[in-house]
Structures are given as structure tokens and as C-alpha cells.
Amino acid sequence: MKTPYSAFSLLRGAFNGQKHWEPAWRDPEPRASYDVIIIGGGGHGLATAYYLAKVHGIRNVAVLEKSWIGGGNVGRNTTLVRSNYRLPQLHNFFEFGLKLWHNLSDDLNYNVMFSPRGAMFLGHNDGDMIKLAERGDAMRCDGIDAELLTPKQIAKIEPLLDLSRNARFPIDGALIQWRAGTARHDAVAWGYARAADALGVDIIQKCEVTGFVRYGNKITGVETTRGRILAGRTGICVAGHSGHVAGLAGLELPIESQTLQALVTEGVKPMVQSVVMSQSLHFYISQSDKGGIVMGGDPDNWPSYARRGQPTIKEHAIAQAVTCMPALSRLRMLRTWSGVTDMSFDGAPIIGTTPIDGLYLNAGWCYGGFKATPASGWTYAHTLATGKPHELNAPFSLERFMTGATIDETAVGPMPNHR
Amino acid sequence: MYQITCPHCGPRAQTEFTYERTTDSVVDPAADAHTAMQALYTRANPMGLDEEIWRHTYGCRAWMVLTRHRVTHVIEAVKAIGPEALA
Ligand SMILES: Cc1cc2nc3c(=O)[nH]c(=O)nc-3n(C[C@H](O)[C@H](O)[C@H](O)COP(=O)(O)OP(=O)(O)OC[C@H]3O[C@@H](n4cnc5c(N)ncnc54)[C@H](O)[C@@H]3O)c2cc1C
């Protein structure tokens, strides 16, 4: 049993020089075989392992990570957590996750710093406001909070937005979800890792999956840079590298990998209270707990596995953000970075079985999978444990692309570069 | 940012170009439903070279095929396509 993180443990440590703390997770050698292998130690892989052990009692589980846990998109995202999607399959799934987020720190005994500070979509014209009202109605029909705001109400929350009528992009209103917010991304990876490890899950870093062990149409294990490891069931959970890893098993997916960038400014006093997003324009901002303004925009919309972003894409997002909130122009940019995202061909994720026995898939998170971490882990664990989808991920099957049952929130069709 | 050598205009900034899709995802109008869906909805998405259709959208607007590496971004070949290539 690990020492729980608590004020009491901290106080106890004050008398022994804080010497009682142990590493948050072990660094085990891989065993010859496991009941379940999860490929990819991002947020989703670690959450899946945790729920497999906790909810389904399956503890003979390994998470194989090619580099270090938290070095992928889980540690690169802009941490927005919300469930304000228009389509019921999506908002029901993300709302299930949002409910888990609200209790996650307690559940994991790890402070993930979830901060439900409200997330608003701005509307810049009548068309926007109609779409936002429709989205809000759809959400409220399924019991999810959503509130339309007038410019006056917005001014109370975000006084620095340019709400004048002669603004370049006038703001006519917004749709806010108060229960949405941000979390500390690294803590999510570490919290799930520590909790999964405590239940017996082996987290094996620097272990890249390079191939699959296959008998006929069944996958019975993986080849890795640390040798062959056998498994009853194998789950792919590698986000941006889904196409590559599925390709090792001979699968072609409805996914193309793209670069997504983000940036952060120097830290300043509180100036952005909520999360401000505009889908008509393409930018979003929030203020981190350290005070930096975190900003993002469109993906670099051509295929790439390089974690190098095109500067003009950032420039575009910055220009839009500065236009809407002119005070931002006074800030200096501190850092920029990017990640490889798995853009699916309807913009929705894929969680479920594959045409190959023993092989399961969790992929297609596009630019929005951080918020899904708990729900993704929960439903993928269910699928890996029972061989069948949970009712929440049943719509997100891989077959839906062939049967025409796509879940296309933005109605773009099979063109991830236009999403 | 990198440059793409347009077969008609020579080297230009990548920002003048837009990516369309891979060559193997062009749907043959005569294809049966399964093959058509396969072309539309699956990609090899390799961590290496692929054949991609790009357009010089903010330039001469012609289409071309790039053989481009998806990790290094090195463009190994550019081939003109469409009526311009035949002229
Ligand atoms: C700049 C940026 C901003 C974003 N902003 C948001 C946001 O605000 N809100 C939101 O909800 N989402 C956001 N996202 C998306 C979100 O980060 C991802 O959808 C989500 O993190 C993906 O799941 P993951 O955490 O499991 O991925 P990852 O952390 O990428 O995990 C996948 C892991 O698989 C490993 N791996 C790959 N190949 C192999 C192999 N062969 N063998 C073993 N391991 C392998 C990788 O090293 C990696 O650690 C953003 C993404 C980016 C890049």
C-alpha cells in the first residue's frame, strides 16, 4: 500500500525529513505474458489500465510506452475539459467523462487540479447565435448544463473582450458551460499511472511496440524493443501514431495524422477568467494557474508525424485572439510546441473491436481527446474486459465508416484536412 | 515552413499550397460501393513516404502529386497532373 497523499502524510514527513515517500510507480521488467497489454502510456492508456484493474478486477495488465509516460499528447494539450457537443452520441459520452472529472482527484488520490471555471463559445453573428442556441438546447435535453449569454453578461465574466459594435468580429453572445474548465495535464497521466500501479498494473516505459505476434486472424502478443510479450487481449491506444501501429497489424484506418500546435505567454495577473473559444474564428484561450495565457487554433492541415508546427498557423490564431481581446497584444510569447494528432474521418473517436481477433482499438481523438481521458479509459476498459462495447462507445465502432453511420459534428465528410 | 516546387511556377512557400488527399483515395466512378468506401475512408498514413495530391491554391491553382516524407517533410518528387500536365 502506497503512502496516501494527504496533509497528514505531509505533516508526518515534517518529523522525518519527508523520507517516507516512495516513487509514485514501480519500474518493472516486462513479464513474458499478460492478460491485457495496452500499447501507449498516454492519458487514455493509463486510464484504461486503471479502470481495468479497479472496475473489472483485471490486474495482470501492462501498459507499454515507447518513451516516457506523459510525453505524448497528454502532456502537450491545452487542457480544456467540456462536454458541450451538439450530437447526442458525443455529448453523452463526454458528459459521462465530465462527471468523472469532477471527482477525479479524490478517486485517484492525486490532485489533477480540475478547475470548472466555465467554457464559452462566442457567437459573432445571427447564424452563430442560432447554432449556439440549438447546441445548448440539444445539451439541455440530455440534462447537460448550457446557458446563452448576452454581451452584457459576457462583459461581467470577460471584461477584456472587445464587445463594442465596431469590433472587427462583433460579439453577439456566447454559449457557456459552467461545469467545464481546465485540468493539469501532467497530473492526469501521473495520477492514473500511480493509481494503476498501486492496483498491480505494470507500467513499462522505453518499450516500443514494433510488431504483433499473430496466429491466423488472432493477435496473441506484441514484439517490442524489450522482447516479445504475449497477451490475451491487446489494445492499441497510441493517439497520433494509431495509423502506424495499426499498420503493423495490417490494418488501414480512417485516420490521418496531423500536427496541432499551442503556445503560452509569460505569466500575468488574472485576466481571462473562463475558457474563451470561437468556432467561427478559430482560436481559444484560457489562463493557466501559473498565469500564462494558453492559446491554440487550427491544426496544420496536412499529414505529418513531425512535431514541428508551421508558424503561420499560430500567427493566425494569435491574430484572431488579439482582435477579440486587444489587451493580449501586450503579452510576450514564452513557448510554443506541437503534438501529432490522430484526425479521424468524421471527427469522432473510434473505441472498439477490430476485424482481427484479440486486437482492440482506441484512436481518432483529433484535437479533443484530453477531456475524454476518463470516459475513454472507462469504456475501453469495459470493451477490453468483456470483448464488447459499453453502451457509450457502441456508436464509435470502426465499422461505422463502412456502414455510413458516421458521427460528423461539423459535417465535413471524410476530409480531415478541412475539419 | 518549407518550399514546394510547383511544376509551373517553381519554388514557392508552402503556405501557397493546400493538401487535398492521397492518390490512392481518389474514387473511381466505376468502383463498386465497397471499394469506393475503402478509398474514401482508409489511409495507409505511413511514417514515411506517401503520394499526396496538393494544389497551388494561392498561385497558379494547378494540381500536382508530391512524394513527401511525413516525418522529415522532405519532398522527393513533384509531378504535374490535370490538363496542364498534358498540354
Ligand atoms: C497542442 C494540442 C492541444 C490540445 N488541446 C486539447 C484540449 O484543450 N482539450 C482536449 O480535450 N484535447 C486536446 N488535445 C488532444 C489530446 O491531447 C489528445 O486527444 C489525447 O491526449 C490523446 O490521448 P493520449 O493522452 O492517450 O495520447 P498520448 O499522450 O499521445 O499517448 C499515446 C502514447 O503512445 C505512445 N506510443 C506511440 N507509438 C507507440 C509504440 N509503437 N509503442 C509504444 N508506445 C507508443 C506515445 O509515445 C504516447 O505516449 C490537444 C492536443 C494537442 C497536440
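These figures come from a predicted structure and were not determined experimentally. (Residues numbered from 1 in each chain as written. Chains lettered and ligands numbered in written order. Predicted model: local features only at pLDDT ≥ 70, side-chain atom pairs only at ≥ 80, totals over all residues. Heavy atoms only, no water.)

> Hey, could you run me through the sheet that holds strand 5 (residues 63-69) of chain B in this one?
In a beta sheet, neighbouring strands pair by backbone hydrogen bonds and run either parallel or antiparallel. Residue and element names in this part refer to chain B. Ordered in space as 3-4-5-6, the four strands form an open sheet in which the pairing is antiparallel. A single partner strand is all that each edge strand has here, and the edge strands are strand 3 (18-22) and strand 6 (75-80). Each neighbouring strand pair of the sheet contributes to a mean axis angle of 30 degrees, computed without reference to strand direction. Of the pairings in the sheet, the one linking strand 3 to strand 4 (residues 49-55) comprises four bridges and is antiparallel in character. Of the residues in strand 4, the one forming a bridge with T18 is R55. (Pairing = 2+ DSSP bridges. Helix = DSSP H or I, 4+ residues; strand = E, 2+ residues; numbered from the N terminus. Axes fitted to C-alpha atoms, helices over the stretch in contact; angles between N-to-C directions.)

> Quick question: what am I supposed to make of the interface of chain B and chain A here?
Interface size is commonly expressed as the accessible area that is lost once the parts come together. On the chain A side, the residues contacting the 25 residues of chain B number 27 residues. Both faces considered, chain B and chain A share a buried interface measuring about 2,300 Å² in area, 55% of it formed by carbon and sulfur atoms. Applying the counting criterion to the chain B and chain A interface returns one salt bridge. One salt bridge connects R43 of chain B with E256 of chain A, and the closest N-O pair in it is separated by 3.3 Å. Across the contact surface, chain B and chain A share 14 residue pairs in polar contact (both at pLDDT 80 or more). Mapped onto the side of chain B that touches chain A, the elements with two or more residues apiece are strand 3, helix 1 (33-41) and strand 4 of chain B. Residue composition of the side of chain B that touches chain A, by class: 11 nonpolar, eight polar and six charged. (Contact = heavy atoms within 4.5 Å. Buried area = accessible area lost by both parts, 1.4 Å probe. Salt bridge = Lys/Arg side-chain N within 4 Å of Asp/Glu carboxyl O. Polar contact = N/O pair within 3.5 Å; in protein donor to acceptor, adjacent residues only side chain to side chain. Nonpolar A, V, L, I, M, F, W, Y, C, P; charged D, E, K, R; others polar.)

> How should I be thinking about the pairing of strand 4 of chain B in this particular structure?
In this structure, strand 4 of chain B lies alongside strand 5 of chain B, joined through seven bridges in antiparallel fashion. Residue pairing across strands places W54 of chain B opposite M64 of chain B, the latter belonging to strand 5 of chain B.

> Can you walk me through the side chain of N417 of chain A in this structure?
Mapped onto the elements of the fold, N417 of chain A is located in the segment after helix 11 (400-403). With residues near it in sequence (within four places) discarded, N417 of chain A still touches Q258 and N301 of chain A together with Y19 and E20 of chain B.

> Looking at this structure, how should I read the packing of aromatic side chains?
Each aromatic ring pair is summarised here by two numbers: the centre-to-centre distance and the angle between the ring planes. Within this structure, the stated rule accounts for 16 aromatic pairs over all chains. Relative to W54 of chain B, the ring of Y19 of chain B has its centre 5.7 Å away and its plane inclined at 65 degrees; by these criteria the two rings are edge-to-face. Here Y19 of chain B is found in strand 3, whereas its partner W54 of chain B is found in strand 4, with 35 residues between them in sequence. With relative accessibility at 0%, the residue W54 of chain B sits in the buried group. The ring of Y85 of chain A is capped by R82 of chain A, whose NZ or CZ atom sits 5.1 Å from the centre of that ring. For K371 of chain A, the ring lying beneath its charged end belongs to F94 of chain A, and the centroid distance is 5.8 Å. (Phe/Tyr/Trp six-rings, centres within 6.5 Å; stacked < 30°, edge-to-face > 60°. Buried < 20%, exposed > 50% of the residue type's maximum accessible area, 1.4 Å probe, protein only. Lys NZ or Arg CZ within 6 Å of the ring centre and 35° of its normal.)

> Where do I start with the environment of E208 of chain A in this structure?
Residue and element names in this part refer to chain A. Here E208 is to be found in the loop between strand 8 (202-204) and strand 9 (209-215). For E208, a relative accessible area of 31% corresponds to the partly exposed category. Sequence separation between E208 and K66 is 142 residues, and the spatial gap between their C-alpha atoms is 3.9 Å. Once residues lying within four places of it in the same chain are set aside, the contact partners of E208 are K66, E223, T224 and T225.

> Just to check I follow, could you spell out the confidence of the model for chain B for this structure?
Confidence along chain B averages 92 in pLDDT terms, with 93% of residues attaining 70 or more. Predicted complex, confidence summary: ipTM 0.93, pTM 0.97. (pLDDT = per-residue confidence, 0-100.)

> Can you walk me through unusual backbone geometry in this structure?
Negative phi values dominate among residues other than glycine, just as trans dominates among peptide bonds. Residue and element names in this part refer to chain A. Backbone geometry places N109, a non-glycine residue, at a positive phi of 50 degrees. Counting through the fold element by element, N109 comes out in the loop between helix 4 (104-108) and strand 4 (119-123). Positive phi, normally seen in glycine, also occurs at C366, with a value near 50 degrees. Its place among the elements puts C366 in the loop between strand 19 (359-363) and helix 10 (373-386). For C366, a relative accessible area of 7% corresponds to the buried category.

> So what exactly am I meant to see when it comes to helix 3 (residues 88-102) of chain A here?
Because an α-helix packs 3.6 residues into every turn, residues spaced three or four apart end up facing the same way. Helix length check: helix 3 of chain A (15 residues) gives 21 Å between terminal C-alpha atoms against 21 Å at 1.5 Å per residue, within 8%. Within helix 3 of chain A, burial applies to L90, H91, F93, F94, E95, G97, L98 and W101 of chain A. (Expected span 1.5 Å × (residues − 1).)

> Help me understand the site of the ligand in this model?
Residues and elements named next belong to chain A. The environment of the ligand is formed by 39 residues, the closest being E65, N73, V74, T78 and K371. A distance of 3.0 Å separates an oxygen atom of the ligand from a polar atom in the backbone of F370. In the complex, 98% of the free accessible area of the ligand, which totals 1,000 Å², lies under the protein chains. At the level of secondary structure, the elements contributing two or more residues to the shell around the ligand comprise helix 2 (43-56), strand 12 (255-267) and strand 17 (333-344). Take the shell around the ligand: its biggest share by element is three residues, from strand 12. Shared between two domains, the shell around the ligand holds at least three residues of each, these being domain 1 (26-80 + 185-256 + 346-418) and domain 2 (116-180 + 259-338). (Near = heavy atom within 4 Å. Areas by Shrake-Rupley, 256 points an atom, 1.4 Å probe, with all protein chains shown as cover. Domains from an automatic or database assignment.)

> What should I look at first to understand the state of the cysteines in this one?
Linking two cysteines covalently through their sulfur atoms gives a disulfide. Applying the stated criterion across every chain, the model contains zero disulfides over all chains. Free cysteine C207 of chain A: the closest other cysteine sulfur is in C237 of chain A, separated by 15 Å. The thiol sulfur of C6 of chain B is not disulfide-bonded, and the nearest other cysteine sulfur, from C9 of chain B, lies at 3.7 Å. (Disulfide = S-S within 2.5 Å.)

> Looking at this structure, I do not really get the packing of helix 3 of chain A against helix 10 of chain A. What am I missing?
Axes are the key here: two packed helices are described by the angle between their axes and the distance separating the axes. Residue and element names in this part refer to chain A. Relative to each other, helix 3 and helix 10 sit at 110 degrees, their axes nearing to 7 Å. Considered as vectors, helix 3 and helix 10 are oriented roughly perpendicular to each other. Every residue of helix 10 that contacts helix 3 at F93, F96, G97, L100 and W101 is listed here: T373, P374, A375, S376, W378 and T379. Of the residues assigned to the contact of helix 3 with helix 10, the class counts are seven nonpolar, four polar and no charged. (Parallel < 35°, antiparallel > 145°, perpendicular 65-115°, else oblique.)

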